[in-house]
Amino acid sequence: MSEDPMAKRLVAVCGKGGTGKTAFTAMMTRALLESRQAGKLLLIDADPALGLPNALGVKVKRTMGQIREDIIKTARSGDQSEKTHIADRLDYMTMEALLETDGYALVAMGRTETLGCFCPVNDLLRGAIETLSKSFDTIVIDGEAGVEQINRQVVRRVDALVVVSDATARGLQTAALIHKMVVEDKVIDCGKLGIVFNRVTGNRPLLEQSAHKIGLEVFGFVPQDDNIAYHDLIGKPILELPADSPGLASAREIVGKHILR
């Protein structure tokens, strides 16, 4: 990535379900805001479960999934003038889904209810998001669990792809599959690829050895943090962790070494 701290950068977080990707994304957001080097920050919640707004302590009024449903309904039942009208309004509809706060903006993909293949619609929405992203300096994507979004090329290029894994063989298997898709199959163009081990209680040398065997650089270790567990239990936003939280300290180090450089 560029040495210019204000250069545009796109970061995606992915990995096996249940590894704490969303909590890490929220901590990374906090670290980016504290650094004052992210510029205009856009967060994209690409997980249909809408976990990131909860982790940030915000509510979205409209999702890209709902916009997609509106487009599909119009395409099925509307006349040609209505179809033309909604196509012309796509950028405006995308802006309707944009939640803006003092520190960052957020777009949530959300769920879709309509079945069937609507590739042209998905292409339209991808294009709208790409247009929106041009207005921001740093874009962080909290990805869906697993590897499907990488396989579907929801994004075509990222500056940094962060694979979050727990200390389990299943987490490492997913990490290995992501590494294969990116490095060997070249499903997406990736500038920097690495793994973050989350909720670590020990065995760091073994985890590091396992990552190197896969071919992944270790971006860092996030320790088991009682503060995060407590916030999750009572529904308090992860973004509001205490300043001295061990997990947040690790996220700051990872952001400083691997995201902002």
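Here the structure is shown first, and the text comes after it.
Cut-offs used in this document
Residues numbered from 1 in each chain as written. Predicted model: local features only at pLDDT ≥ 70, side-chain atom pairs only at ≥ 80, totals over all residues. Heavy atoms only, no water. Helix = DSSP H or I, 4+ residues; strand = E, 2+ residues; numbered from the N terminus. Polar contact = N/O pair within 3.5 Å; in protein donor to acceptor, adjacent residues only side chain to side chain. Contact = heavy atoms within 4.5 Å. Axes fitted to C-alpha atoms, helices over the stretch in contact; angles between N-to-C directions. Parallel < 35°, antiparallel > 145°, perpendicular 65-115°, else oblique. Left-handed = near helix turned anticlockwise from the far one by under 90°. Buried < 20%, exposed > 50% of the residue type's maximum accessible area, 1.4 Å probe, protein only. Pairing = 2+ DSSP bridges.

1. As for the side chain of Asp166
Part 1 of the argument: Locating Asp166 in the fold gives a position in the loop between strand S6 (157-165) and helix H8 (169-184).
Part 2 of the argument: Among the polar contacts made by the side chain of Asp166, one reaches the side chain of Thr168 at a distance of 2.6 Å.
Part 3 of the argument: For Asp166, the residues in contact, after removing those within four places along its chain, are Lys16, Gly18, Thr19, Gly171, Phe197 and Asn198.

2. Side note on the packing of helix H1 (residues 21-35) against helix H11 (residues 246-259)
Part 1 of the argument: At a minimum axis distance of 8 Å, the contact between H1 and H11 shows a crossing angle of 65°. The angle between H1 and H11 falls in the class roughly perpendicular. Considering how the two elements wind past one another, H1 and H11 form a crossing that is right-handed. Packed against H1, whose contacting residues are Phe24, Met27, Met28, Arg30, Ala31, Leu32 and Glu34, the element H11 presents Gly247, Leu248, Ala251, Arg252, Ile254, Val255 and Ile259 at the interface.

3. Digging into the pairing of strand S4 (residues 105-108)
Part 1 of the argument: Going residue by residue along S4, you find Ala105 and Val107 tucked away on one face and Leu106 and Ala108 tucked away on the opposite face as well.
Part 2 of the argument: Pairing between strand S2 (residues 41-45) and S4: four bridges, direction parallel. Within the sheet, the bridge partner assigned to Asp45 lies in S4 and is Ala108.
Part 3 of the argument: Note: strand S3 (residues 99-100) against S4, two bridges, orientation antiparallel. Following the sheet pairing, Leu99 is matched in S4 by Leu106.
Part 4 of the argument: The turn linking S3 back onto S4 is made up of four residues.

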